[in-house]
Amino acid sequence: MQNFYKQFRDIGVQLIAFLGNYKPKTKRQGWIKRRYDHIDRVNRIMTYAKANMKPVANSDFGVFPSELVDTVAAVIRFVLKETIVHSLTETDMEIIAYARKHKSFGILSQDTDFSIANAAHYYLSMRHLCLQNMTTCVYDSRGLADHLQLQVNQLPLFATLMGNDIMDYDTMKKFHYPILKAGAIKIFVQSIASLCRPVRCDQEGNPLDKNQIIGLSKQISAGSYLDFTKVYTLMMESISSYSIYSVEDELLIDKMNISSDQKDILSLAVTLYRQCWITCDVLMLLCTKEMQMSTCIEIFNEGNIKPIGNILARLRKVLYGAVLNGELNNKIVCV
């Protein structure tokens, strides 16, 4: 990691790392499911770590346990002395808002949403980054649109129909299945693009004829547990998300019905969280008196890998003590 930062400093680029640690309640169940789905891939990378082996380049060598996020944050913040930001809302939206505000040179990531959002001068591929000669690929929205025979302002609709964090996963899966069944992935992508071509959009990507979106929402909702009005609402929210970048106020602390001392504590907690001095678990406990801790890694009972519960035992004692000695309506949720 030291070499990673050094390579960028040597060419005059300052890296600002964003860490997505906080999980909104609406997305927590999906996040938990993905953690369990990744158990085998986490075990794979743990095997490499125990054997002190380097993974094969460009291979699917595994997924780091989500609990290591705090470790990575601590290394960047306190060892490397580099800037890191804990996101309080959706990480990609905060990155977009930051890049637009500061007119950033580029966003280095692997999230295709950034190529559509047009937030920085360049959207650079992390996957293709070569630290030896400091080269990578540029993802270009104009090139993508030309390849799909679309206008750039139709890309938000295309991304929506392809499926993203806003669209309901199960609904989109049922919508995609017959298209995928009909041919290869290339045909699938072109089929989705063909649905977008008749839809005229303004410069922000908003459809000019809402009836066309209603028609698409009915097509998507067929056979789904969601009715077309809900799908329509999700589609419009998804499309607008690529042009409306706003980061929520810091928990709207000033509007909370609490004492001034409590507001001061929460304001301090948010600042400490933003700067990676405390974890999201502590922030959650202070703000909502509810604690939800991810413990999926505890089932990786392999050899000398200590369960994360042991590693975090001291922190948990403090948190449990704060909860159990506090008000009766406090809740502990461990998953």
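Residues numbered from 1 in each chain as written. Predicted model: local features only at pLDDT ≥ 70, side-chain atom pairs only at ≥ 80, totals over all residues. Heavy atoms only, no water.

*Asks:* How should the packing of aromatic side chains be read in this particular structure?
*Replies:* What describes a pair of aromatic rings is the distance from one ring centre to the other and the angle between the planes of the rings. Summed over the entire model, instances satisfying the criterion amount to seven aromatic pairs. When the centroid spacing of 5.2 Å and the interplanar angle of 55° are considered together, the rings of Phe4 and Phe8 count as tilted. Here Phe4 pairs with Phe8, and both are found in helix α1 (residues 2-10), just four residues apart, close to one helical turn. According to the relative accessible area criterion, Phe4 is partly exposed, its value standing at 23%. Relative to Trp277, the ring of Phe78 lies with its centre 4.8 Å away and its plane at 65°, an arrangement referred to as edge-to-face. Pair noted here: Phe78 is in helix α4 (residues 68-79) and Trp277 is in the loop between α13 (260-274) and α14 (280-288), with a separation of 199 residues, a long-range link. (Phe/Tyr/Trp six-rings, centres within 6.5 Å; stacked < 30°, edge-to-face > 60°. Helix = DSSP H or I, 4+ residues; strand = E, 2+ residues; numbered from the N terminus. Buried < 20%, exposed > 50% of the residue type's maximum accessible area, 1.4 Å probe, protein only.)

*Asks:* I would appreciate a short explanation of the packing of helix α9 (residues 169-182) against helix α10 (residues 185-196) in the present structure.
*Replies:* α10 packs onto α9 with a crossing angle of 125° between their chain directions and a minimal axis gap of 9 Å. Here α9 is positioned oblique relative to α10, judged by the angle of their axes. Considering how the two elements wind past one another, α9 and α10 form a crossing that is right-handed. Seen from α9, the contacting residues are Phe175, His176, Ile179 and Leu180; seen from α10, they are Ile185, Phe188, Ser191, Ile192 and Leu195. (Axes fitted to C-alpha atoms, helices over the stretch in contact; angles between N-to-C directions. Parallel < 35°, antiparallel > 145°, perpendicular 65-115°, else oblique. Left-handed = near helix turned anticlockwise from the far one by under 90°. Contact = heavy atoms within 4.5 Å.)

*Asks:* Help me understand the packing of helix α8 (residues 155-162) against α10, please; the structure alone is not making it clear to me.
*Replies:* Packed helix pairs are characterised by how far apart their axes lie and by the angle those axes make with each other. Interaxial distance between α8 and α10 falls to 9 Å at its minimum, and their mutual angle equals 130°. Viewed along their axes, α8 and α10 adopt a mutual orientation that is oblique. Handedness of the crossing formed by α8 with α10: right-handed. Side by side, α8 and α10 meet where Leu157, Phe158, Leu161 and Met162 of the first sit next to Phe188, Val189, Ile192, Ala193, Leu195 and Cys196 of the second. For the contact of α8 with α10, a count of residues per class yields ten nonpolar, no polar and no charged. (Nonpolar A, V, L, I, M, F, W, Y, C, P; charged D, E, K, R; others polar.)

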